[in-house]
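Letter by letter, the chains look like this.
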Amino acid sequence: LFDGVYPFYPQQRKAAVFDISTIIVTVVFLTLACSFLLITPGIRGRARLYWTLRVLLSLFVGVVIVVVQFTGDWQSGWVQANTSYKSFSPVQVSADIGLHIGLAGVNVTLRGNPVEQINETINYNEHFPWSFGADYDHSYSQGLQKGLPSPILYVAEKFSSQSPCGVHRQYRIAGHYASAMLWVAFCTWVISNILLSMPALVYGGYMLLATGAFMIFSLLSFSTVRNSPMCLIQIGTSTLHVAYGGSFWLMLAIGLLCFVAGITIVAMHHLNLDLLKTFFDLREDKAEEDQEMPEVFINPHFVSKSL
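Note that the structure is a prediction, hence the values are computed from the model and not measured. The residue numbering used here restarts from 1 in each chain and proceeds along that chain's sequence as written. Two thresholds apply to this predicted model, a pLDDT of at least 70 for residue-level local features and 80 or more for giving and counting side-chain atom pairs, whereas whole-chain, interface and lining totals are computed over all residues. Side-chain metrics rest on all non-hydrogen atoms present in the structure, leaving aside hydrogens and water.

A. Up close: the state of the cysteines. Sulfur atoms of two cysteines make up a disulfide when they are within 2.5 Å. Within the structure shown, the criterion is met by one disulfide. Put simply, Cys165 and Cys231 are joined by a disulfide, and their sulfur atoms are 2.1 Å apart. Its S-S torsion of about -130° marks the bond between Cys165 and Cys231 as left-handed, since a negative value means left-handed. On the criterion of sequence distance, the pair formed by Cys165 in the loop between α4 (150-157) and α5 (168-197) and Cys231 in the loop between α6 (201-223) and β5 (233-235) is long-range, its members being 66 residues apart. Taking relative accessible area as the criterion, Cys165 reaches 14% and is therefore assigned buried. The rule is simple: take the accessible area with a 1.4 Å probe, protein chains only, and divide by the maximum for that residue type; under 20% is buried, over 50% is exposed, in between is partly exposed. The partly exposed category is assigned to Cys231, whose relative accessible area is 25%. Where helices and strands are cited, they refer to DSSP runs of H or I of at least four residues and of E of at least two residues respectively, numbered from the N terminus.

B. Structural context of the packing of aromatic side chains. Note on aromatic pairs: the rings of Phe, Tyr and Trp (six-membered ring only in Trp) are paired at centre separations within 6.5 Å, and the planes decide the class, stacked below 30 degrees, edge-to-face beyond 60, tilted for the rest. Evaluation of the coordinates by the stated rule reveals 16 aromatic pairs. Aromatic pair Tyr244 and Trp249: ring centres 6.1 Å apart, planes at 90°, arrangement edge-to-face. The structure contains a cluster of three or more aromatic residues connected by ring pairs, namely Trp74, Phe128, Trp130, Tyr136, Phe159, Tyr171, Phe222, Tyr244, Phe248 and Trp249. The rule for a charge over a ring is simple: NZ of Lys or CZ of Arg within 6 Å of the ring centre, and within 35 degrees of the ring normal. When the ring centre of Trp51 is taken as origin, the NZ or CZ atom of Arg54, which lies over that ring, is 4.4 Å away.

C. Just the UniProt feature "transmembrane region" (unreviewed entry) in the protein, in detail. Residues annotated in UniProt with the feature "transmembrane region" (unreviewed entry) correspond here to residues 20-39, 51-70, 177-196, 203-222 and 242-267. Between the end C-alpha atoms of residues 203-222 there is a gap of 29 Å, over a span that is 100% helix and 0% strand. Its end C-alpha atoms 40 Å apart, residues 242-267 is made of 85% helix and 8% strand. UniProt positions are given in the numbering used here, feature names are shortened, and annotations may be inferred rather than shown by experiment.

D. Quick look at helix α1 (residues 20-39). Its 20 residues place the ends of α1 29 Å apart at the C-alpha level, agreeing with the 28 Å of an ideal helix rising 1.5 Å per residue. Residues of α1 that are buried: Thr22, Val25, Phe29, Ala33 and Phe36. Looking straight down α1, one finds that the buried residues subtend no more than 80° of arc, so they occupy a single side. More than 90 degrees from the buried face of α1, the exposed residues found are Ile20, Ile24, Leu38 and Ile39. For α1, the secondary structure elements touched by its buried residues are α2 (47-67) and α5. Any helix carries an expected span of 1.5 Å times its number of residues minus one. Along the arc lie the directions from the helix axis toward the C-beta atoms. Throughout, a contact is declared for two residues whenever any of their heavy atoms are within 4.5 Å.

E. Fine view of unusual backbone geometry. Going from Asn113 to Pro114, the amide bond is cis rather than trans, its omega being 10°. You can see Pro114 is positioned in strand β3 (residues 105-117). Phi at Ile118 takes a positive value of approximately 45°, unusual for a residue other than glycine. Note that Ile118 resides in the loop between β3 and β4 (120-129). On the accessibility criterion, Ile118 (40% relative accessible area) is partly exposed.

This is the structure we're talking about:
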């Protein structure tokens, strides 16, 4: 032993806490937000508040659209049960079993209650991908070879292509099209920011409406999985049920926010354009002041005497 650890043998895998892609996207958008906050002292008057509100809300919408591509809680569920821990063993453990379904795959969590039982640390979080280009059945076979705990393999088997449940294809296609709709929504979000900064306010409002529409389309695409009856996931004497998770409801809220913002901009363009220009710091008096020439110098040698 070296400090109580076998130095030449692989250590037990630890449960994942954060997704690396989520961290990268969050850091990028936080960097943009912090960069803007550094220049806000240079904006005078009430326009500083308007600029801060617009930029932070826009960045929040953008980061949500990208981050939910990698989250695993579009559908989720937990259950506490007494279950067998390993195959061909009568030993049972008390554990919390979690199922987290995302656009690209499923995460199965097994956490002991307490974590230390039968001289082992029971804390697993295994990911099984089903996105295009990934082989779910191969990942499941690798789990069998590694000897993952029985509850994880039992739940993961429900989503395999060979399972009698038959939900693998539905989840895979629904997640693929939901992801595609979100990338289109991200593109329309970028275009809306460009139009609002040009400024072409009414067209920026239309693109915000398009952004919200594509976000709602992604939710409708993912919700088609409800059309496939889900197999009963019975663990011990308890049943694991799944429901829409945080990412689904967050996308719904952001989509409705884009709808409200787009409708407000379009309505203000037709009803009260001056107020809309004030919010976007485009007042006509400011533009006239910028175009006003305080003094004009004329060279008399180049001016005709008749004039």
